[in-house]
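Listed below are the residues making up each chain.
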Amino acid sequence: MTLKASESGAWSPEFLAAIVDSSDDAIIGKTLDGEIISWNRGAERLYGYTAAEVVGRPISILIPPDRPDELPKILALLRRGERVDHFRTERVRKDGIRLAVSVTISPVHDAEGRIIGASAIARDVTAQEHAVREALEMREQFVSVAAHELRTPLTAVFARLQLIERRLDRPDYDRQDLARDINVVRRGTDRLRLLLERLLDVSRITSGRLDLERSPTDVVALVQAAASEYAEASGHDVTVEAAGAEGILANVDAVRIEEVLMNLIDNAAKYGPADRPVEVEVRAGDDALRIAVHDHGSGIPEDQRERIFEPFYRANANIRGVGLGLHLAREIVHQHGGSLELEDGDGAGTTFVVSLPR
Ligand code: ADP
């Protein structure tokens, strides 16, 4: 149907009706007694009733029973010619689900200026409010992690520097003691740097600014290097099995993928038994390279298997960590067009699987 402005220059009623109908917002006409007289498609979508089901019925069918005073107040305002702007309230859908909505209700006048009814425009703000709540929660966690996790190493660094200053005056403070103290300071600052990088990565990911620097990379060599570096630094055994995948190149950001591997290996070592090695296995499929990191720990309970990928989520409060490792690892792998999943196991330990397109 083609619609155009009428020849007099005013919009034709059909055109206006089509505009109302195509709106995403619910647009409802009602009398001053609250009887529904018009109901657009946005209202059908938002509230789940068709126009035929509700025209002629009272608007109160949308109002939650625990808000009995709301409608009389609104109707009184309308009768006085006042409008209600962006009023944040709740409504009930046909299926009983409650929605957070923002409504603007205005009186409608006839040619003589008499108030003959009202129009209500409502928008579902449930998702928007949920997003705001999540963002606020994330900010709170961000601040709390920054406060607690940064303070511990910072305090250690500060205390050790004070100690060095005092010891410098002592004649028996030799180079070896100094080297040991400097090492403590270095470990503290390394932790601080890592933590800051992670916090910055979360913020880069949230704002879409995590850029990859890809180049053809020998993935098995990368895995082997990460495994031996980790084993050397931590003293925890890491085995690598990669039969058939040697020499295969994948177009990845080697630094970021190494970060992912280090994280998975570190988790496997942290949450698994100290006397069993972390086992890494690389396999080449037709389209993807599959890297599995397996430990012999107690596994991850069913109800936590998705949550562990959420930023700041931690299921193990008594082991060091901030709950960002898996979140960042998954985001990095996703940016490569791959996946990071927890493999369904038989309860014997935990296996994380990274799949990277070849
Ligand atoms: P962090 O280790 O700093 O807590 P992660 O994002 O790496 O953060 O992990 C989130 C949570 O997932 C951990 O707190 C832990 O409860 C669980 N988890 C991760 N890896 C393993 C694993 N290999 N075995 C058991 N639990 C794990």
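A brief report on the enclosed structure follows. (Residues numbered from 1 in each chain as written. Predicted model: local features only at pLDDT ≥ 70, side-chain atom pairs only at ≥ 80, totals over all residues. Heavy atoms only, no water.)

This brings us to the overall build of the protein chain. Scanning the protein chain for helices and strands turns up nine helices and 12 strands. Since a compact globule built from 358 residues should have a radius of gyration of about 21 Å, the 31 Å found for the protein chain marks it as more spread out than a globular shape. Along the longest, intermediate and shortest principal axes, the C-alpha atoms of the protein chain span 100 × 60 × 45 Å. Look at the contacts in the protein chain between residues 6 or more apart in sequence, and 56% of them connect residues 24 or more apart. Taken together, the 45 basic and 60 acidic charged side chains of the protein chain have centroids lying 5 Å from each other. (Helix = DSSP H or I, 4+ residues; strand = E, 2+ residues; numbered from the N terminus. Rg over C-alpha atoms; globule rule 2.2 N^0.38 Å. Contact = heavy atoms within 4.5 Å. Lys, Arg positive; Asp, Glu negative; His and termini not counted. Charge placed at Lys NZ, Arg CZ, Asp CG, Glu CD.)

Now for the site of the ligand. Lining the immediate environment of the ligand, one finds 19 residues, of which Asn 267, Tyr 271, Asp 295, Arg 314 and Gly 323 sit closest. Asn 267 is positioned with one of its side-chain polar atoms (N or O) 2.8 Å from an oxygen atom of the ligand. Between the ligand and Arg 314 there is a distance of 2.5 Å, counted from an oxygen atom to a side-chain nitrogen or oxygen. The fraction of the free accessible surface of the ligand (540 Å²) that becomes covered by protein chains is 97%. Among the elements of the structure, helix H8 (254–271), helix H9 (325–335) and strand S12 (350–357) are those that each provide at least two residues to the shell around the ligand. If you tally residues by element for the shell around the ligand, the top one is H8, at four residues. Tallied by class, the residues present in the shell around the ligand amount to 10 nonpolar, six polar and three charged. (Near = heavy atom within 4 Å. Polar contact = N/O pair within 3.5 Å; in protein donor to acceptor, adjacent residues only side chain to side chain. Areas by Shrake-Rupley, 256 points an atom, 1.4 Å probe, with all protein chains shown as cover. Nonpolar A, V, L, I, M, F, W, Y, C, P; charged D, E, K, R; others polar.)

With that settled, the discussion passes to the nonpolar core. In this structure, Leu 264, Val 278, Val 280, Ile 291, Leu 340, Phe 352 and Val 354 are the most contacted members of the largest nonpolar core, which totals 51 residues. The dominant element in this core, judged by the number of residues it contributes, is H8, at eight residues. When residues of this core are assigned to domains, at least three fall in each of domain 2 (130–206) and domain 3 (215–357). In contact with Phe 352, other than residues within four places in its own chain, are Leu 264, Ile 291, Ala 292, Val 293, Ile 300, Ile 308, Phe 309, Leu 326, Leu 340, Glu 341 and Leu 342. Formed by 25 residues, the second largest nonpolar core is a distinct cluster that contains Tyr 49, Leu 71, Leu 78 and Val 101. (Core = buried A, V, L, I, M, F, W, Y, C linked by side-chain atoms within 4.5 Å. Buried < 20%, exposed > 50% of the residue type's maximum accessible area, 1.4 Å probe, protein only. Domains from an automatic or database assignment.)

This part is about the sheet that holds strand S2 (residues 36–39). Pairing between sheet strands relies on hydrogen bonds along the backbone, with the strands arranged either parallel or antiparallel. If you walk across this open sheet you meet the five strands as S2-S1-S5-S4-S3, and the pairing is antiparallel. Looking at strand neighbours, the two that pair on one side only are S2 and strand S3 (84–92), the edges of this open sheet. Strand-to-strand, the axes of this sheet are offset by a mean angle of 30°, without reference to chain direction. Sheet topology places strand S4 (residues 98–109) next to strand S5 (residues 115–124); nine bridges connect them, and they run antiparallel. Across the sheet, His 109 pairs through a bridge with Ile 115, a residue of S5. (Pairing = 2+ DSSP bridges. Axes fitted to C-alpha atoms, helices over the stretch in contact; angles between N-to-C directions.)

Two elements in contact, helix H6 (residues 175–206) and H9, have axes separated by 11 Å at closest approach and are oriented at 45°. Overall, the two elements H6 and H9 adopt an arrangement that is oblique. The chirality of how H6 crosses H9 is left-handed. Between H6, through Arg 198, Asp 201, Val 202 and Ile 205, and H9, the contact on the second element is made entirely by Gly 325, His 327, Leu 328 and Glu 331. Here the contact of H6 with H9 is composed, by residue class, of three nonpolar, two polar and three charged. (Parallel < 35°, antiparallel > 145°, perpendicular 65-115°, else oblique. Left-handed = near helix turned anticlockwise from the far one by under 90°.)

Moving on to the packing of aromatic side chains. The relation between two aromatic rings is expressed through the spacing of the ring centres and the mutual angle of the planes. Considering all chains together, one arrives at four aromatic pairs under this definition. Linked through ring pairs, Trp 39, Tyr 47 and Tyr 49 together constitute an aromatic cluster. Across the ring face of Phe 309, the terminal group of Arg 330 is positioned such that the distance to the ring centre comes to 3.6 Å. (Phe/Tyr/Trp six-rings, centres within 6.5 Å; stacked < 30°, edge-to-face > 60°. Lys NZ or Arg CZ within 6 Å of the ring centre and 35° of its normal.)

Between its terminal C-alpha atoms helix H7 (residues 219–234) stretches 22 Å, which fits the 22 Å expected from 16 residues at 1.5 Å a residue. Along H7, the positions that sit buried rather than exposed are Val 219, Val 220, Leu 222, Val 223, Ala 226, Ala 227 and Tyr 230. Here the buried residues of H7 occupy an arc of 160° about the axis, which is enough to place them on one side. Buried residues belonging to H7 abut strand S6 (215–218), strand S7 (238–241), strand S8 (249–252), H8, strand S9 (278–284) and strand S10 (288–295). Taking the backbone nitrogen of Val 220 as reference, a side-chain oxygen 3.2 Å away marks Asp 218 as the first, capping residue of H7. Looking one or two residues beyond H7, the residue adopting positive phi is Gly 235, at roughly 80°. (Expected span 1.5 Å × (residues − 1). Arc of directions from axis to C-beta.)

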